[in-house]
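# Architecture at a glance
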Amino acid sequence: MIPQSHFLILGAVLFATGLYGALTRRTAIGILMSIELILNAANINLITFNKFLGGPDSLGQVFALFVMAIAAASAVIGLVLVIAVYRNMKTIFTENMNIMKW
Amino acid sequence: MVKYAHLIPLFPFAAFAVNILFGRRLKKASALVSIGASVAALAIAVMAYIGNACGGEGSYTIGRWISFNGFSLDFGVTIDPLSCMMLLVVTVVGTLIQIYSIGYMHDDKRYSRFFAYMSLFMGSMLGLLLSDNFVMLYIFWEGVGLCSYLLISFWFERPAAAKAGMKAFITTRIGDTGLLIGILMLFFTAKTLYFKDLAGLGINDATLTVIALLIFCGAAGKSAQFPLHVWLPDAMEGPTPVSALIHAATMVAAGVYLVARTYGLFLSQHTSLTWVAYIGAITALMAATIATCNNDIKRILAYSTISQLGLMMLALGVGGYEGGTFHLMTHAFFKALLFLCAGSVIHAVHTQDIFKMGGLLGKMKATGWTLIIGGLAISGVPPFSGFWSKDEILSEILKGGHPVLFGVAALTSLLTAFYMFRLIFIVLFGKPRSELHAHESPAVMTVPLVILAAFAIFAGFFRPVKFEFLTMGVSIAISLTGIGAAYAFYILNNKLLPASLRSRFAFLYKLVSNKYYVDEIYDALVIRPCMRFADIASGFDSKVVDGAVNLTAYLSVIAGKVQSWFDLYIVDGIVNMTANVTWLCSAILRRFQTGFVQNYILIAFFGLAIMILIKLIGGR
Amino acid sequence: MPFPLLSSIIFLPLLAGLLILFIPKGRTGMIKGAATAATGITLLFAIFMVMGFDYNNTLMQFAEKFSWIPQVNINYHLGVDGISIGLVFLTALLGFLACIGSFGIKERQKEYYFLYLLLNTGMLGTFLSLDLFLFYVFWELVLVPMYFLIGIWGGPRREYAAIKFFIYTLAGSVFMLLSILALYFTSQPHTFNMLELAAAGSTFAKSFQIMVFVGFYLGFAIKVPVFPFHTWLPDAHVEAPTPISVLLAGVLLKMGGYGFFRISYPILKDAAIYFALPFAILGLINIVYGAFVAMAQTDFKKMVAYSSVSHMGFVMLGLASMTVTGFNGALMQMFNHGIITGGMFLLVGVLYDRAHTRDLDKFGGLGAKMPVYAGVLVVFTLASLGLPGLSGFVSEFMSLMGGFTAFRLITTISVLGMVITAGYFLYMIQRVLLGPLNTAWSGIADINKRELFTLVPLMIVVVAIGVYPLIILNYQSPAITELVRHIGGLLL
Amino acid sequence: MSAAESIRYFLPELILAGSAILVLIAGLFTGKRAVLGAFCLAAILLSIFCMPHSYEAAGPLFSNMLLNDTFSEFFKEISLLVIGLVILISIGYKGFSDEDAGEYYFLLLAAAVAMMVAASSNNLMMIYISLEAISLISYMLTAFLKRDRFSSEAALKYFLFGALATGVMLYGISFIYGIFGTTDLSVISGMLGTAGANSLAAAVALLLVFAGLSFKCALVPFHMWVPDAYQGAPTPITAFLSAGPKAIGFAILVRVFLKNFFPLFTGWADIAQAVAIITMTAGNIIAINQEDIKRMLGYSSIAQAGYILIGFVVGTSLGIQAVMYYLIAYVLMNIGAFGCVILVSNSIKSDHIGEYTGLAKREPILAFMLTIFLLSLAGIPPLAGFFGKFLVFASAIQSKYYMLAVAGIVNSVLAVYYYMKVIKFMYMGEPRMVAREHKPLSVKLALIIALAGVLILGLFPVPFLRWIGNSLL
Amino acid sequence: MNGLIRQLSDIVNNYGLPQDFVVQASFYVLAGLACAFAFGVVAMRNIFHCAVSLALCLFCVAGVYLFLNAEFLAIAQVIIYVGAIVTLFLFAIMLTANIKDRSIRQANRQVLVSACVTAAILSFFIYIITGNAWKTPAPGAAVLAGPGLDDIGRALMSAYALPFEFISLILLAALVGAIVIGKVKK
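What counts and how
Residues numbered from 1 in each chain as written. Chains lettered and ligands numbered in written order. Predicted model: local features only at pLDDT ≥ 70, side-chain atom pairs only at ≥ 80, totals over all residues. Heavy atoms only, no water. Helix = DSSP H or I, 4+ residues; strand = E, 2+ residues; numbered from the N terminus. Buried < 20%, exposed > 50% of the residue type's maximum accessible area, 1.4 Å probe, protein only. Lys, Arg positive; Asp, Glu negative; His and termini not counted. Charge placed at Lys NZ, Arg CZ, Asp CG, Glu CD. Areas by Shrake-Rupley, 256 points an atom, 1.4 Å probe, with all protein chains shown as cover. Core = buried A, V, L, I, M, F, W, Y, C linked by side-chain atoms within 4.5 Å. Contact = heavy atoms within 4.5 Å. 1 Å grid on protein atoms, 1.4 Å probe; cavity = no way out; pocket = protein on both sides within 12 Å on 5 of 7 lines; lining within 4 Å. Points joined across faces, edges and corners; volume = space filled by probe spheres on them. Nonpolar A, V, L, I, M, F, W, Y, C, P; charged D, E, K, R; others polar. Salt bridge = Lys/Arg side-chain N within 4 Å of Asp/Glu carboxyl O. Polar contact = N/O pair within 3.5 Å; in protein donor to acceptor, adjacent residues only side chain to side chain. Expected span 1.5 Å × (residues − 1). Buried area = accessible area lost by both parts, 1.4 Å probe. Axes fitted to C-alpha atoms, helices over the stretch in contact; angles between N-to-C directions. Parallel < 35°, antiparallel > 145°, perpendicular 65-115°, else oblique. Left-handed = near helix turned anticlockwise from the far one by under 90°. Pairing = 2+ DSSP bridges. Patch = residues over 30% accessible without salt bridge, like charges linked within 9 Å, V, L, I, M, F, W, Y side chains within 5 Å. Phe/Tyr/Trp six-rings, centres within 6.5 Å; stacked < 30°, edge-to-face > 60°. Lys NZ or Arg CZ within 6 Å of the ring centre and 35° of its normal. pLDDT = per-residue confidence, 0-100.

Before going further, it helps to examine the overall build of chain D. Helix and strand counts for chain D come out as 21 helices and 2 strands. Counting only C-alpha atoms, chain D reaches 70 × 55 × 40 Å along its principal axes. Counting across all 473 residues of chain D, residues that qualify as buried make up 76%. Across chain D, the 27 positively charged side chains and the 23 negatively charged ones have centroids separated by 7 Å.

The next point concerns the overall build of chain C. When you go through chain C residue by residue, the secondary structure sums to 20 helices and 2 strands. In chain C, which comprises 492 residues, the share counted as buried stands at 72%. Per element, the accessible surface of chain C, about 13400 Å² overall, is 70% carbon and sulfur.

Another aspect to go through is the nonpolar core. Ranked by internal contacts, the top residues of the largest apolar core, which has 772 residues, are D:F312 and E:F125. Examining the composition of this core, we find that 23 residues originate from one element, helix α15 (residues 317-348) of chain D, more than from any other. What D:F312 contacts, discounting residues up to four positions off in sequence, is D:F210, D:L253, D:V254, D:F257, D:L258, D:F265 and D:V323.

Next up on the list: the layout of surface pockets. In this approach a probe as big as a water molecule rolls over the atoms, and the regions it shows empty are the leftover space. If you add up the space inside the second largest pocket, you get close to 1500 Å³. Around the second largest pocket, the lining comprises 42 residues; the ones closest to its centre are C:L18, C:F114, C:L118, D:F368 and D:I372. Of all the secondary structure elements, the ones that give two or more residues to the lining of the second largest pocket are α1 (5-21), α4 (109-128) and α5 (132-153) of chain C together with α16 (359-362), α17 (364-378) and α20 (441-459) of chain D. At 8 residues, α5(C) tops the list of elements feeding residues into the lining of the second largest pocket. When its residues are assigned to classes, the lining of the second largest pocket shows 35 nonpolar, 2 polar and 5 charged.

Let us now look at the interface of chain A and chain E. Listed per partner, the contact involves 73 residues of chain A and 80 residues of chain E. Counting across the interface, chain A meets chain E through 0 salt bridges. Summed over the shared surface of chain A and chain E, the number is 10 residue pairs in polar contact (both at pLDDT 80 or more). Put simply, the parts of the chain that give the side of chain A that touches chain E at least two residues each are α1 (4-24), α2 (28-53) and α3 (59-89) of chain A. Among the elements that take part in the side of chain A that touches chain E, α3(A) stands out by supplying 23 residues, more than any other. Of the residues contributing to the side of chain A that touches chain E, the split by class is 49 nonpolar, 17 polar and 7 charged.

The next thing to look at is helix α11 (residues 235-260) of chain D. What sets the pattern is the α-helix's 3.6 residues per turn: residues three or four places apart point alike. For α11(D), built from 26 residues, the straight-helix expectation of 38 Å at 1.5 Å per residue is met to within 8% by its first-to-last C-alpha distance of 36 Å. By the criterion of burial, α11(D) is predominantly enclosed, with 25 of the 26 residues buried.

At the junction of the two partners, chain B supplies 12 residues and chain A supplies 14 residues. Of the roughly 1000 Å² buried between chain B and chain A on both sides combined, carbon and sulfur atoms contribute 61%. The interface formed by chain B and chain A includes 0 salt bridges.

The next subject is the packing of helix α6 (residues 158-186) of chain C against helix α8 (residues 206-223) of chain C. All names here are of chain C. At their nearest, the axes of α6 and α8 sit 7 Å apart, and the two run at 150° to each other. Considered as vectors, α6 and α8 are oriented roughly antiparallel to each other. α6 and α8 meet at a crossing whose hand is left-handed. Residue-level contacts link Y168, T169, G172, S173, F175, M176, S179, I180, A182, L183 and T186 of α6 to F208, V212, G215, F216, L218, G219, F220, I222 and K223 of α8. Counted by class, the contact of α6 with α8 contains 12 nonpolar, 7 polar and 1 charged residues.

Let us look at the environment of B:L10. Structurally, the position occupied by B:L10 is in helix α1 (residues 10-26). According to the relative accessible area criterion, B:L10 is partly exposed, its value standing at 45%.

Before going further, it helps to spend a moment on unusual backbone geometry. Residue C:Q188 is joined to C:P189 through a cis peptide bond whose omega torsion reads -5°. Examined against the element boundaries, C:P189 turns out to sit in the loop between α6 and α7 (194-200). In this model, D:P381 is joined to D:P382 through a cis peptide bond whose omega is 0°. Inspection of the secondary structure puts D:P382 in the loop between α17 and α18 (384-398).

What follows is about the arrangement of the chains. Counting contacts across all 8 pairs of chains found in contact, the highest total belongs to chains A and E. At no point do chain A and chain C touch; the closest pair of C-alpha atoms across them sits 25 Å apart. Kept free of each other, chain C and chain E leave a smallest C-alpha distance of 39 Å between them.

Quick look at the pairing of strand β1 (residues 61-69) of chain C now. Inspection of the sheet shows β1(C) paired to strand β2 (residues 74-80) of chain C by 6 bridges, in the antiparallel sense. Across the sheet, the residue bridging to C:Q61 is C:V80, located in β2(C).

All names here are of chain D. Judged by side-chain polarity, I21, L22, I25, L28, F29 and F39 come together as a nonpolar surface patch covering roughly 620 Å² of accessible area. The greatest single-element share of the nonpolar patch, amounting to 5 residues, is contributed by helix α2 (residues 11-29). Relative to the assigned elements, F39 resides in helix α3 (residues 33-50).

So, on to the pattern of salt bridges. Under the criterion given, the structure shown has 31 salt bridges over all chains. Where B:K109 meets B:E157, a salt bridge forms, and the shortest distance between an N and an O atom there is 3.4 Å. Residue B:K109 is located in the loop between α3 (81-104) and α4 (111-130), and its partner B:E157 is located in the loop between α5 (134-152) and α6 (159-190); the two are separated by 48 residues in the primary sequence. A relative accessible area of 25% places B:E157 in the partly exposed class. The closest approach of N and O atoms between D:K146 and D:E99, which form a salt bridge, is 3.3 Å. Of this pair, D:K146 sits in the loop between α6 (124-142) and α7 (149-180) while D:E99 sits in the loop between α4 (70-91) and α5 (101-120), placing them 47 residues apart in sequence. Several salt bridges converge on common partners, so that one network encompasses C:R157, C:K164, C:D235 and C:E239.

Another aspect to go through is the packing of aromatic side chains. If you walk through the whole model with that rule in mind, you get 100 aromatic pairs over all chains. Between D:Y171 and D:F175 the ring centres are 5.0 Å apart and the planes differ by 55°, which places this aromatic pair in the tilted class. Taken as a pair, D:Y171 and D:F175 lie in helix α7 at a separation of 4 residues, close to a single helical turn. Residue D:Y171 shares its accessibility class with D:F175, and that shared class is buried. Centre to centre, the rings of D:Y418 and D:Y419 are 4.6 Å apart; their planes meet at 50°, and the pair counts as tilted. Across the pair, D:Y419 and D:Y418 agree in class, each one buried. The ring of A:F93 carries the charged tip of A:R26 above its face, separated from the ring centre by 4.3 Å.

Here we take up the environment of D:A239. Residues and elements named next belong to chain D. Within the secondary structure, A239 sits in helix α11. Classification of A239 as buried rests on a relative accessible area of 0%. A C-alpha to C-alpha distance of 8.6 Å links A239 and G336, two positions 97 residues apart in sequence. Ignoring sequence-local partners within four residues, the contact set of A239 consists of I89, I335 and F338.

Averaged over chain D, the pLDDT score is 89; the fraction of residues at 70 or greater is 98%. For this predicted complex, the interface score ipTM comes out at 0.85, alongside a pTM of 0.88.

Residues and elements named next belong to chain C. Mapped onto the elements, T191 comes out in the loop between α6 and α7. On the basis of relative accessible area, T191 is assigned to the buried category, the value being 4%. Non-local contacts of T191, meaning those with residues more than four positions away in its chain, are made with N73, Y184, E196 and L197.

Next up, the structure:
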């Protein structure tokens, strides 16, 4: 039997990886991908807990489902924004997006 | 009759109000307003005097001035021989001098304002004399000081006059603060501010001494006692009638009056009295010596005033209340006379340097003879008034058993006689030293002279004359010596006198070589040491004492500058610094907002990590 | 319900100000008229108030009290007693005279008079409100118009001076707000009512009192101003237009002193006693230091400004003394200083309007060209340097008498400070009026009717109080006695 | 209460959602922003009208997804007020092209629905979803100036930052789910005694949720997006961002922490205290030298959030009242200020503070209004902002949080400087001559409402205080 | 899929290995792969490859779901993520970035700090996770297999109706917004 914590650690690792990516990727798209990883980490947690709570309740899974939907929505918006920026500034590198500072 | 005494000051005040408001329209009439007021005051003063003389001893209350719970202060008037006498003197002299001023100021462009100030002064002075408590006295005390300031710098276009006025006010003010502190101390130790309670205060001597000395500070400032006397000679920048009234007869006497008024305070312990005596002595001698070598007619008189006041203080200091106050009165008359004569002379010759004058007796009979009378009076030649008072002072000193002080007094009166007659001889006798078109002054000026001369002669008999033949002889001898010496210098070798004293020495040597031995002896034995001492004294006065005053003024200005610098750069600097520092922080902190989104995220999560860490360490 | 006299005194100017907002820009005559009328009627009301005031009754008179924000027990509570009545009258009087004095202002008059009237409302409200919250509101309300009045119509460095004044005073008053809140939550039942707090004052712990007192102190001391919080004052005074400096020196400084009288001392008596010595020392520093700094000034206005620093020192000294004499002196000194310094600033303004400079060294001999001006200036100067017979002396003397009971040495030194005062004032007179006429001003005109009209009433007050101080003492001394009895100071 | 029965108490939201769709459709036919805006306003008024009736039965809705209580009602009304004002001022905003008007208003109304749901949601899952909804809509609105680099860059930064923040929050919520076995707040608050509740995990999970919310409220260190987003976004949207999400954020903070997690929360109030102090200090200090007024107001709104957080940290009923009162005042004065900024930029085509010089001479009334709003933000009596600060500090003093109070006081003095800087420029300078633009009626209306609100709230706060008192948790 | 694994395990059992060895082994393999691909997402130079490895990572995660009795979620994961989102990413990449050159640096300047912060946070989380504060079924209560597809469906229509509907609004809004911002009139 696989212990609960191992699933959670998998989630934590994904979370950390996503965070690292979000902090270090140069392209906006890269950051978006990393964010997807973070959302997945959360999802893993939810589903894990749902199982190990051992009840009839399906909250965890439903929540995870909703998260997926929202992730999809936010991915759409994020990518549209990336495209808009690319359209106006011809770049996807975040360090070039600093016309507003200080 | 006494009950109207409180009206006395009101007339002059009214005159002041009228003149200051309507002076423009009144023009010459303003003089009459002031004089009328003075005459009215005089009348009531006479009534008061008589009433008092006939045993109507009455101090009474006018009204409440200030009161809050527990503390209340009523203003009232004191009627006793001293105040009555002074009232008479002030009103008489004041009236005469104002009449005199009609002539003296006739073509001045601020004619009416002059008389306004004069009346203001009269009012304040009379109020001062009448006041029965310290606060009231202090109010009028400052009032007369103000008037002296206004009148000294009356011709304010002359920078010297402006400066002199300021100097006078400040110097006296220094004394006045002493007086104020004294008053405060008195109130909080003795819980009274009335003169009548001063006799038997149940306070220990030490405190009492301090209070007395503080009050004496005020007196010294007003009546130009060493070391606060420096303002008086400069005060001569004012119009001569002013010098006569304020800086000879009345205001400067206020100091002596104050000491006399609070005499009970001094009598109850002797330290302060001794101080008074010695200060008086120093002043008297120093001023007299200076006077002997000065060439400015008014300054000579000013120094003589100082020395005479010193004499009065000395008298009071040795317990000679009678003599002091008596001399106060007589001095008022003859010194006023002398000043007015000087004024008349200056009016005639438009100079104040005695060595530009000479032989005026022929041209100006009235002025000349009255001047001589005044001179005799101040030199203490019987039967002139000065003789009686001075003689009384001397005898009191002797009785008090102060040989040293007696010597000083004697020397002073010798010198007095000398410089007075030096002045008289140079101005009135001999030939004119420069072409002057001198002419007698108009009657409006000479009549007061004559009247004052009369007072100068007979004022001595206001009080019963008492004879101590020893001192009388001594004093007569002294005065005659002085006069004789002066005669010897300035009449005998009159033809040989050059314009200026200094250059005369060389000339004397030439005379010696021309076998005029007498002059040599004179010169060797008397004049040169005398002159040198005088030189040293006046040098001391002008450099050290006066210098000290100026130095303090200068230093305080410097201090002011330093502190304003401090204010600007330190106190304010701190304020501005905080502002700048904030601005700097802002300039630095905003740099975190790099515009690079992943920096934002990094910062955010860094903060988050720290928070979690805190939780992990802090637990729960 | 009786006629709300105090409310009408406070809000009449505000109403007039709002009215002015609807007068077209061009009609300057109308605007001036409205403003003058408003301030004049306010003065009339103030006079009615003084007439109807029974000065043997130490309770609050003409009191008005309505619930304003019941949730936090805030009331609209006005009242006047012997302590505030003099200052209210002073404010109304100066408000009226300064309004006439500001006819000289030519640009943006509409805004000017609106703000001016708003300022008046704030000042009057501060002196009349008995609810700490209301008091604070009015207190802050004063700052805003003052900021604009200095910043728009001021001198060359006006913007710096204005913002400095604003932030400086605000910084002080916010700490006052904290203290107010602390009082509110400590009192049982929670209240902002000054009178109830004063009654409950003895129940507060001493340490708490000290803490709160310091908070209030920051607020008031900056207004007074007490060394070293005085540096906003020279800037503000110098840059402000004449009528505003008049109010600034005449009224705003008094708000600080009034605060001590109305709030700090009655409510926090233990702390007040605890801080007596520091107060005395600060008073001394103000007197001497201010005098020295004033002596070094070459700018006429700056000199007068620093002279106020010096004079307000007497208020501190009198307060420190904890005696009836000292308190009377301090309160009276506030009134007199308001009148005298107001007059001084008006006079400076008169000269500045003609010469367009305030550099004392540039004048000289003006006494010959403008005799009337010279006379008036001399009177105010003498009053200011404490010449007996004029108002300044009475209050300073009383403050010193009070101070002397408690602090001999300090008071003695302060007296010496008066010599310096005489020094710099006479030095000013000499530089401006005396000496040979500076030919640059040969064409200068003497003071005119309007300016004289603004000055004569002040002169009358100065002389009247100087000659017969009871006319003001009668009003204040019963209340002061009550206050001292309440604090437990010396009934001397 | 099950879904079917809940519907009738969900009427206001439904009305708005429906009218959102209608506007979207209407947008295909007409591009007139005034018309569409008027329609939206009508919808909003209608839903406000329906609101009281929907409170006949206050209580859990949709099987306790939402909790219908006065507290949520209060914040729903605030949200509607915000949206209404934003719609008014965006009618007069020149930046938009009419082509997308329908979508624009659709998004605004959707945001309104999301905010109302968020205000009343009683379930962490619901909270997450509704907050995400608000965020997503905000991102899109921020990017609404399609051809403007500032707008799109701001939107992308905002998005990236926000997505991460909400991700973290989601992660935290998942932990809470693991600890309590549910995300239903009212169930959770019954289980606080259990061992798990007091575990470290619970604390950290709460911290993560707090992080997500402090992104919404723009609290340090999750404030970094604010200046850029505010500067780049179209001004009406800036007004919306500064008011709407922040209000909702605080509502949820109060609901989650002070209502349900209070026993756990007390443990780490010190962190929140530090956050409050740092937030206001940083906001004020950086705001001091900003040249762009929108950016400056951004920093100032960070500082304001710090003040509001004081009331939250104190956590007493007075503290919560202070938060709620301050939020009304804040919404009014901030939107008012941005409205003025819109009018100014319409005429001088610039948001640079230096360009405001002499505005008072050219546009006296506008300058006067902006002055009032700024003074209110600075907390000068007798304006709304002052009374808000007063309540906040009062709550701090009452609960002996002296350090917080002093910090707040000092900050409010600091803040005065930069507000006054703008006023100085407006009143103490010579105007650059520019033709006076006519001002759209709608914006005037919005400004008048805001001004009246600011004055009334300051002078006669009694009814509002009563309202808040009734709306307490 | 569970059936498949069961058959596998039967086969393995014949070789005398522990009961659910395969189950466990395959979980750890999947988890490892997921982590590896995740690392690929954040580490690879070519953004196109990143997207691909994201897809694979998500696929493995879907696999992990199977071990949590969440078949429906696993399938949803595959459809939504791999099917929709990653495709979207690929489109975006093609629209914006130039995928040909592999030489561009993919990590920015703050790698080091980020690594530290991430490591810290990761360690915190693992510390917490191992703390085992999680709610567990009361002892003796029958541990159910967890909700089946029908449970989820019923829940969606009853208890979670509101969020379910609400998300539709979100999606609509996202759609509309995306169109508005995306389309530009030439």
